[in-house]
Amino acid sequence: SGQIRKDLNYLGKFGINGKGYNVKILKKTLQKLMGLEAKWNAVIIGGGRLGKSSVEFMKQKKSETFRIVAAFDPNKRLIGKKISNLKIQNMKDLSRTVKSRNIKIGIISTENNNVQSVAEDLINNELNYILNFSSFSPKVPDYVILKNIDPGLQVESMSYHLRQSSL
């Protein structure tokens, strides 16, 4: 508890000596400091099984911070189909949509052979915050924030830990 008080004090004056903290004010202030009070629009690239799973995963999180507002796919056969309530668009319309929908986050859910080029398309459209659900990690410049989320790798990691605990 002492460390938490020190950490909160470092961020600003929140509590009253001897009284504690107003939880509602503390929560709102921390959300603002962490950027969680804002609404950010995201685009998903990948309309296949992985893309559909990624959208469902994001829906289950019920985040009020991130909203997937557009879907694209490099595979021309998927254009016009739907993921949830999003119509899959042609990659050539990405730039226009990113600007018109004020999109700030890119989500990659494509086959591994498309991941690098999709990452480059996102970066070329000034989307420097990328979530990658594929199992291939693209090479990106240092200024890009890339988070790789590979469920398959996590399952394999569990196998390692299970094996270690049985030795």
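**Student:** Could you give an account of the overall build of the protein chain, naming the residues involved and the relevant values?
**Tutor:** Regarding its fold elements, the protein chain presents six helices and nine strands. For the protein chain, with 167 residues in total, the buried portion stands at 32%. Taken as a whole, the protein chain presents about 11700 Å² of accessible surface, with 53% of it coming from carbon and sulfur.

**Student:** An account of helix H2 (residues 23-33) is needed here, citing residue identities and associated values.
**Tutor:** Counting buried residues in H2 gives one out of eleven residues, a small share hidden from the surface. One or two steps after H2, the chain reaches glycine 35, where phi turns positive at roughly 80 degrees.

**Student:** Help me get a handle on the side chain of serine 54, residues and values and all.
**Tutor:** Mapped onto the fold, serine 54 is located in helix H3 (residues 49-61). Separated by 2.8 Å, the side chain of serine 54 and the backbone oxygen of leucine 50 make a polar contact.

**Student:** Explain the pairing of strand S6 (residues 86-90) to me, and be specific about the residues and the numbers.
**Tutor:** Of the strand pairs in this sheet, strand S4 (residues 66-73) and S6 are connected by three bridges, and their pairing is parallel. Its bridge partner lying in S6, alanine 71 is registered against isoleucine 88. Relative to S6, strand S5 (residues 82-83) runs antiparallel, the two being bridged by two bridges. Within S6, the position partnered with isoleucine 83 by the bridge is leucine 86. The loop that links S5 with its antiparallel partner S6 comprises two residues; one of these, serine 84, has a positive phi angle of about 55 degrees.

Analysis parameters
Residues numbered from 1 in each chain as written. Predicted model: local features only at pLDDT ≥ 70, side-chain atom pairs only at ≥ 80, totals over all residues. Heavy atoms only, no water. Helix = DSSP H or I, 4+ residues; strand = E, 2+ residues; numbered from the N terminus. Buried < 20%, exposed > 50% of the residue type's maximum accessible area, 1.4 Å probe, protein only. Areas by Shrake-Rupley, 256 points an atom, 1.4 Å probe, with all protein chains shown as cover. Polar contact = N/O pair within 3.5 Å; in protein donor to acceptor, adjacent residues only side chain to side chain. Pairing = 2+ DSSP bridges.

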